[in-house]
Amino acid sequence: METIDRKGGSALWHQIGEILATDIAAGIFAPGEKLPTEPELMQRFGVSRFTVRQALGHLEQRGLVRAEQGRGTFVHKGVLDYNLSRRTRFSKNLIEQGFEPGGELLVHEVIPSTERVAAYLKLAVGAAVIHRRGVMTADGMPIELGDSYYPAERFPDFDQARLQHPTISAALASYGVTDYERLSTEIEARMPTAEEARLLRQPKSVPLLITRKLDADMEGVPITYSESMWSAERITFNVDLR
């Protein structure tokens, strides 16, 4: 049984979490490898199942592991290198690195455009835009919380088109936008709100990388403006200016 400090000021679950995090960093548990079972960890540290689950939950919140129902807890594959270029595509970026892209749509609505959104999309202030908010994942781990805006007149019934096509690019193609490119990307950093941290399943003490991007069709007409929040612990950006 591994010795932990039962009289110190640090909670047992936190100590166990830090020990396991150190094991992961040292390569004792490799990316994609399954961690020991809860009973095995209970025996290793001499603690209750509840304490072990608290420790594993803390590791999952930090993005170091992922829990799969009925299978166990696995070491996350690590930081994702996300390419920002004129041809940035979310699914392609992930698949090329062996991650399974996914996501959950939280909001789909048609609203009047704000001054900022209208300026990016070259619309009149108040013109109808489609607003979609969602959480995007890599191997089930949230990495991006994004708000995207599309001209409603150009993309009517976009929610139905999106349901019929596996990717945003395929849905846009159904409206005749067979190709598009990035016109601009702005990046900044800030701390998350409590709601952002909850949706990204990360501590409130971990900063976010914020991107604001504008995509246009091949005639240079804006088709989507997005504001995204990325977990800085789980992603690095590679900027390709070509």
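Right above here is the structure, for reference.
Residues numbered from 1 in each chain as written. Predicted model: local features only at pLDDT ≥ 70, side-chain atom pairs only at ≥ 80, totals over all residues. Heavy atoms only, no water.

Draft legend 1. Representation of the pairing of strand β5 (residues 128-138) in the model. By the criterion of burial, β5 is predominantly enclosed, with eight of the 11 residues buried. Direction of pairing for strand β4 (residues 101-112) relative to β5: antiparallel, over a ladder of 11 bridges. Bridge pairing in β5 links Gly102 to Thr137. Sheet topology places β5 next to strand β6 (residues 141-151); 10 bridges connect them, and they run antiparallel. The residue of β6 that forms the bridge with Val135 is Leu145. (Buried < 20%, exposed > 50% of the residue type's maximum accessible area, 1.4 Å probe, protein only. Helix = DSSP H or I, 4+ residues; strand = E, 2+ residues; numbered from the N terminus. Pairing = 2+ DSSP bridges.)

Draft legend 2. Representation of the layout of surface pockets. There is about 920 Å³ of room inside the largest pocket. If you trace the largest pocket, you find 37 residues lining it, with Phe90, Met136, Tyr150, Arg162 and Ile168 closest to the centre. No other element matches β4, which puts five residues into the lining of the largest pocket. Classifying every residue of the lining of the largest pocket by side-chain character gives 13 nonpolar, 14 polar and 10 charged. (1 Å grid on protein atoms, 1.4 Å probe; cavity = no way out; pocket = protein on both sides within 12 Å on 5 of 7 lines; lining within 4 Å. Points joined across faces, edges and corners; volume = space filled by probe spheres on them. Nonpolar A, V, L, I, M, F, W, Y, C, P; charged D, E, K, R; others polar.)

Draft legend 3. Structural view of the side chain of Thr211. Tracing the chain through its elements places Thr211 in strand β8 (residues 208-217). Looking at Thr211, its side chain comes within polar contact range of the side chain of Trp230, at 3.0 Å. Leave out the neighbours within four places in its chain, and Thr211 touches Thr185, Glu186, Ile187, Ser226, Glu227, Ser228, Trp230 and Phe237. (Polar contact = N/O pair within 3.5 Å; in protein donor to acceptor, adjacent residues only side chain to side chain. Contact = heavy atoms within 4.5 Å.)

Draft legend 4. View of the packing of helix α1 (residues 12-25) against helix α3 (residues 49-61). Packing of α1 against α3 brings their axes to within 8 Å, and their N-to-C directions diverge by 50 degrees. If you check the angle between α1 and α3, you find them oblique. Taken as a pair, α1 and α3 cross one another with a handedness that is right-handed. Contact residues: Leu12, Trp13, His14, Ile16, Gly17, Glu18, Leu20 and Ala21 in α1; Thr51, Gln54, Ala55, Leu56, His58 and Leu59 in α3. For the contact of α1 with α3, a count of residues per class yields eight nonpolar, five polar and one charged. (Axes fitted to C-alpha atoms, helices over the stretch in contact; angles between N-to-C directions. Parallel < 35°, antiparallel > 145°, perpendicular 65-115°, else oblique. Left-handed = near helix turned anticlockwise from the far one by under 90°.)

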